[in-house]
Amino acid sequence: MPLVAAGGVLSFFGIVLFGPVLVPALVRVFGLPARRLFGATAGLAVANAVGNPRRIAATATALVIGIGLVSAFVVGAHSTKAGIERSVDAEIGVDWLVTGIGAPLPAAVVGELRARPELAVVHEQRSALWSDVEVRAAHPALVGRTLTGVLAGDPDRLGPGMALVGRELAEARGWTAGTAITVRDRPLRVAAVVTDDGPAFAGSPVPAGHVVQVVDADFTALFPDVRGVLAEIDPADGITPDRARAAIEAVVVRYPTVNLMDQGAYKKMLTGTVDMLLAIVTGLLGLAVVIALVGVANTLSLSVVERTRENAVLRAVGLTRGRMRAMLAVEAVLISLVGAVLGVGLGAAVSAAAMALLSRMSDGFSLVLPLGQLGLILGVAVVAALAASVLPARRALSRPVVEALGAQ
């Protein structure tokens, strides 16, 4: 993570230091289609914009900061949400979920759910540490969804007294299918040696692949006091979703610290915090973008003052008031668009680096580019630039041509 942060900071300073060369070059590039649309008016705007490279570089850099931060948060938030949703799809393969609200699930609620004939699968997700091994509760009907490979044995043999063992743990201890093992003085037999569903997170006390999976009954015997915060539920064959939900609600209604939701609602619960944080951060950073666009208006105002006689000559030889406004609007849009494009590029690149780091820690994360929202950011920058050009244009047209020609 420090390398990602350092890369972002150094990239930003590279844009700042190279700005007097980079920004005018991009203004000329973006000005090519504008010249085709607006002709000589756009050509004048491009020439005016690149006339003071340091000034427009400083103005664009202010936009790079604000829009870059907004873009980084937008891309990072959407990538994180997509990673969470993929993780839920991969690890939660059931119709219903019962979760504890601020506390683990009561033991009684799981027992009552298992007693309902309408429900075929009721699995409480639990895990505990034993030495350098993570022991997980598993259900024979669900365990196959997280396995990426079977090296020996048959995972379908998982049942009472049997266990699935991670590849790395089996190699470290010389275990294979059929090996008798002991976990906390409880004898078990290895049903299969499997590849785990992903690398261990950074800082985990358990090495990657040092996992033993046992059925719920064996886990309860090994760790009777360990409770989970999530139970996965599937209805029995022939039971409609409405009947299954009614059966679950009949149990959980008596437990105020327990919540029932389907998979979609569970995803929204997990991603709700990301959405809230994104809204807050975007609102705050939007103020920085507004302040940066004020800089665009100031830059145009300074240019208008410096080019008072030049603009008067243009008006004298036939440049209409409408074309004068168009010239200043194109100039403002080009400066803002360059800053916005650089900001979006820098923000997306920083988020891409962060997602690459997270993908090494967990396979569920990858880069997602919300093109619609990034395009909206660019559109807002363009519209704001047009608004920022109104006052400078009014100032440029407020003085009579003869008076402006005589200005010093």
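Residues numbered from 1 in each chain as written. Predicted model: local features only at pLDDT ≥ 70, side-chain atom pairs only at ≥ 80, totals over all residues. Heavy atoms only, no water.

Quick word on helix H1 (residues 2–38)
Its 37 residues give H1 an end-to-end C-alpha distance of only 47 Å, which falls more than 12% under 54 Å, the value for a rise of 1.5 Å per residue. Taken from the residues just after H1, Gly-39 is the one with a positive phi, measuring 65°. (Helix = DSSP H or I, 4+ residues; strand = E, 2+ residues; numbered from the N terminus. Expected span 1.5 Å × (residues − 1).)

Looking at the environment of Val-333
You can see Val-333 is positioned in helix H10 (residues 321–361). Residues Val-333 and Phe-30, 303 residues apart in the sequence, show an inter-C-alpha distance of 9.8 Å. Beyond its immediate chain neighbours, meaning those up to four positions away, Val-333 contacts Val-382, Ala-385 and Leu-386. (Contact = heavy atoms within 4.5 Å.)

A closer look at the environment of Val-75
Position of Val-75 relative to the elements: it lies in helix H3 (residues 53–91). Under the relative-accessibility criterion, Val-75 is labelled buried at 0%. Distance from Val-75 to Ile-291, taken between C-alpha atoms, is 22 Å for residues 216 residues apart in sequence. Sequence-distant contacts of Val-75, defined by excluding residues within four places in its chain, comprise Ala-348, Ser-351, Leu-367, Val-368, Leu-369, Pro-370 and Leu-374. (Buried < 20%, exposed > 50% of the residue type's maximum accessible area, 1.4 Å probe, protein only.)

A word on the pairing of strand S6 (residues 162–166)
With five of its five residues buried, S6 lies for the most part within the structure. Across the two faces of S6 the burial is the same, with Met-162, Leu-164 and Gly-166 and Ala-163 and Val-165 all buried. Relative to strand S8 (residues 186–195), S6 runs parallel, the two sharing five bridges. Bridged to Val-165 within S8 is Val-193. In the sheet, S6 pairs with strand S9 (residues 211–215) via two bridges, with the strands oriented antiparallel. Pairing of Val-165 across the sheet is with Val-212, part of S9. (Pairing = 2+ DSSP bridges.)

What about the layout of surface pockets?
The rolling of a water-molecule-sized probe over the atoms marks out the regions of remaining empty space. Space inside the second largest pocket adds up to approximately 470 Å³. Along the walls of the second largest pocket sit 24 residues, with Leu-69, Ala-72, Phe-73, Val-350 and Ser-351 positioned nearest its centre. Of all the elements in the fold, those that place two or more residues in the lining of the second largest pocket are H1, H3, helix H8 (263–306) and H10. In terms of residue count, H3 provides more of the lining of the second largest pocket than any other element does, nine residues in total. Within the lining of the second largest pocket, the residues separate by chemical class into 17 nonpolar, seven polar and no charged. (1 Å grid on protein atoms, 1.4 Å probe; cavity = no way out; pocket = protein on both sides within 12 Å on 5 of 7 lines; lining within 4 Å. Points joined across faces, edges and corners; volume = space filled by probe spheres on them. Nonpolar A, V, L, I, M, F, W, Y, C, P; charged D, E, K, R; others polar.)

Considerations on the nonpolar core
Core analysis: the largest hydrophobic core is formed by 25 residues, its most contacted members being Val-23, Val-27, Val-330, Val-338 and Leu-342. Mapped by element, the contributors of at least two residues to this core are H1, helix H2 (40–49), H3 and H10. Of the residues forming this core, the biggest block, eight residues, is contributed by H10. In contact with Val-23, other than residues within four places in its own chain, are Ile-56, Ala-57, Ala-60, Val-338 and Leu-342. (Core = buried A, V, L, I, M, F, W, Y, C linked by side-chain atoms within 4.5 Å.)

What to know about the confidence of the model for the protein
As a general rule, the predicted coordinates of low-pLDDT regions are not to be interpreted in detail. When the pLDDT values of the protein are averaged, the result is 82; 93% of them are 70 or greater. Between residues 199–203, whose pLDDT stays under 50, and residues either more than four places distant or in other chains, the model counts 11 contacts. (pLDDT = per-residue confidence, 0-100.)

Considering the sheet that holds strand S1 (residues 96–100)
Ordered by their spatial adjacency, four strands build an open sheet running S2-S10-S1-S11, and the pairing between neighbours is antiparallel. Both outer strands of the open sheet, strand S2 (119–124) and strand S11 (258–262), are each paired with one neighbouring strand and no more. Direction aside, the axes of adjacent strands within the sheet are offset by 20° on average. As defined by bridge partners, S2 adjoins strand S10 (residues 230–235) across five bridges and the pair is classed as antiparallel. Its bridge partner being in S10, Leu-119 is matched across the sheet by Pro-235. Sheet contacts for helix H4 (residues 107–114): S1, S2 and S10; angle to S2, the most-contacted strand, approximately 160°. The strands that helix H7 (residues 241–252) touches are S1, S2, S10 and S11; relative to S1, the one it contacts most, it runs at about 15°. (Axes fitted to C-alpha atoms, helices over the stretch in contact; angles between N-to-C directions.)

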